[in-house]
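Examination of the molecular architecture
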Amino acid sequence: MEVCYQLPVLPLDRPVPKHVLSRRGAISFSSSSSLFGAPDPRQLSQRRGAISYDSSDQTALYIRMLDVRVRSQVGFEPERRSSHPYLCIDFRTLHTRLGSRSGSPGSVSGRRVHRLLSFQRYLHSSRFLRGTPQQIPLHILDEDYTGQARCMLEKVGSWNFDIFLFDRLTNGNSLITLTFHLLNQYGLVELFQLDMVKLWRFLVMVQEDYHSNNPYHNAIHAADVTQAMYCYLREPTLSKSLTSCDILLGLLAAATHDLDHPGVNQPFLIKTDHYLATLYRNTSVLENHHWKSAVGLMRETGLLSHLPAEDSLNMERQLGSLILATDISRQNEYLSKFRTHLDQEDLFLSSPNHRHFILQMALKCADICNPCRPWELSKQWSEKVTEEFFQQGDIEKKHKLEVSPLCDREINTVGNIQIGFMTYVVEPLFAEWARFSDTRLSQTMLGHLGLNKASWSGLQQEQTPGSEETEPSTSGTRGQPDGSAAAATGGTGSKGIPQGSGES
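Residues numbered from 1 in each chain as written. Predicted model: local features only at pLDDT ≥ 70, side-chain atom pairs only at ≥ 80, totals over all residues. Heavy atoms only, no water.

Thoughts on the overall build of the protein chain
Looking only at helices and strands, the protein chain has 23 helices and three strands in total. Within the protein chain, the fraction of its 504 residues that count as buried is 53%. Taking contacts inside the protein chain between residues at least 6 apart in sequence as the whole, the part at least 24 apart equals 72%. Total accessible area on the protein chain stands at roughly 22,500 Å², and carbon and sulfur atoms take up 52% of it. (Helix = DSSP H or I, 4+ residues; strand = E, 2+ residues; numbered from the N terminus. Buried < 20%, exposed > 50% of the residue type's maximum accessible area, 1.4 Å probe, protein only. Contact = heavy atoms within 4.5 Å. Areas by Shrake-Rupley, 256 points an atom, 1.4 Å probe, with all protein chains shown as cover.)

Concerning the pattern of salt bridges
Here the structure, examined in full by the defined rule, presents 15 salt bridges. For Glu 383, the salt bridge goes to Lys 379, with nearest N and O atoms at 2.6 Å. Pair noted here: Glu 383 and Lys 379 are both in helix 20 (residues 375–398), with a separation of four residues, about one helical turn. On the basis of relative accessible area, Glu 383 is assigned to the partly exposed category, the value being 36%. With relative accessibility at 27%, the residue Lys 379 sits in the partly exposed group. Across the pair Arg 409 and Glu 387 runs a salt bridge, and its minimum N-O distance is 3.4 Å. Residue Arg 409 is located in the loop between helix 20 and helix 21 (414–436), and its partner Glu 387 is located in helix 20; the two are separated by 22 residues in the primary sequence. Residue class for Arg 409 comes out partly exposed when judged on its relative accessible area of 34%. Through salt bridges with shared partners, a single network forms among Arg 339, Asp 343, Glu 432 and Arg 435. (Salt bridge = Lys/Arg side-chain N within 4 Å of Asp/Glu carboxyl O.)

Side note on helix 18 (residues 331–344)
Its 14 residues place the ends of helix 18 20 Å apart at the C-alpha level, agreeing with the 20 Å of an ideal helix rising 1.5 Å per residue. For helix 18, every residue scored as buried is listed here: Gln 331, Tyr 334, Leu 335, Phe 338, His 341 and Leu 342. Within helix 18, the buried residues cover an arc of 125° as seen down the axis, which keeps them to one side. Away from its buried face by more than 90 degrees, helix 18 exposes Asp 343 and Gln 344. (Expected span 1.5 Å × (residues − 1). Arc of directions from axis to C-beta.)

As for the packing of aromatic side chains
Scanning the model with the defined rule gives twelve aromatic pairs in all. Look at Phe 180 and Trp 200: their rings are 5.1 Å apart centre to centre, the planes differ by 85°, and that puts the pair in the edge-to-face class. Pair noted here: Phe 180 is in helix 8 (residues 174–185) and Trp 200 is in helix 10 (residues 196–208), with a separation of 20 residues, a long-range link. Of the residues examined, Phe 180 reaches a relative accessible area of 15% and is grouped as buried. (Phe/Tyr/Trp six-rings, centres within 6.5 Å; stacked < 30°, edge-to-face > 60°.)

What follows is the structure in structure tokens.
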């Protein structure tokens, strides 16, 4: 982190310059400093974290945090795409409270502070607010949580990896932590000479640009897809053929494939005349937006600025080709091409074009692999993606718009949607993937898929005994597997009416 020492160290009694506040990174100080209460709170609220300053050793450390907000008493509006609650603690107020060791009516209530702390810090803070002296400083992440997260990362290649638990252990930073770990594990940071500060800033900005208020298309989904992509990259057929550049592109594409997803599908954007639909001419609207957003962050952070311009542009184009492949309306196009290659046995991974095509198929599999996870994980994802569709349907009803397929909570159920989605979208894709890579992982995924489908059928029978439960979902998908059934997919933006597009 030597580059951090080149940054200016500001005296504690001087205001932070405007040009520093205008950057995505800013200045935060240790709780022991005299800055608490000194600067204008409205300036503090604009900071998105960056330099931690400790007056005891005059050392600056770049730690880049997410959306640190000064809240409570100063009355700022909450961030629309909020980060994990621990990043919203008003450290100045807490410091004042601890220093005074009093429960004066004018101070922030203990309940308000407790709500923002992790369980471990909640126990500590309850002692602090009662007046017990404190010797242990507050950490961004509790040490016991960090240790458990490290243990999980040791088994990051397991198909049973619980991304929900991992997200809790990392205080809502699963995408940053996982992606950074995988890039390091492959040695890509050193190989491509990636600047650590730029890389960390890029990953933080990527996680920030996922909407945490989306039930499904959020940073946890991106982390889950990245973990699945890693599992596929480890498959023997791929691991012995892919280049380091292929692996870097695969991981970056997985992490950014749904960047800035608005929580509604492509048909919704088209019928509401959204500017993105106009910009991308109603073709792969969301996928194009995800790609361009990712490229924008890469350029803003200068992640690949040290590479020759031609190489950097080529990587951006390939990244776009991977992300555009996740358009579910083009499912049949990619699946037919994949099946033809397998039938003719003409896939040669020594060819860069063929390796790239396999990366596209791997990302498509990772994107909609939720039905192939163990039931405990798959069920959670199914409920989340269905709730996101139902929320879109509620918006359409509110504004007197035609309700999109599978978005009406009064007609559809989670089971109906999932059974149709598994039958017409997931099973055909993973059957072909198993032909390409006939490994234990492929058989495991197909096994979970069958069990999960049976579980949903069983739940449907319990809810409506004696009726044909799967009919509402499947009737709307026969002959159109890339249409309304595709709307249940958990990883792409253009879920709905097929929208043809050119070759990515």
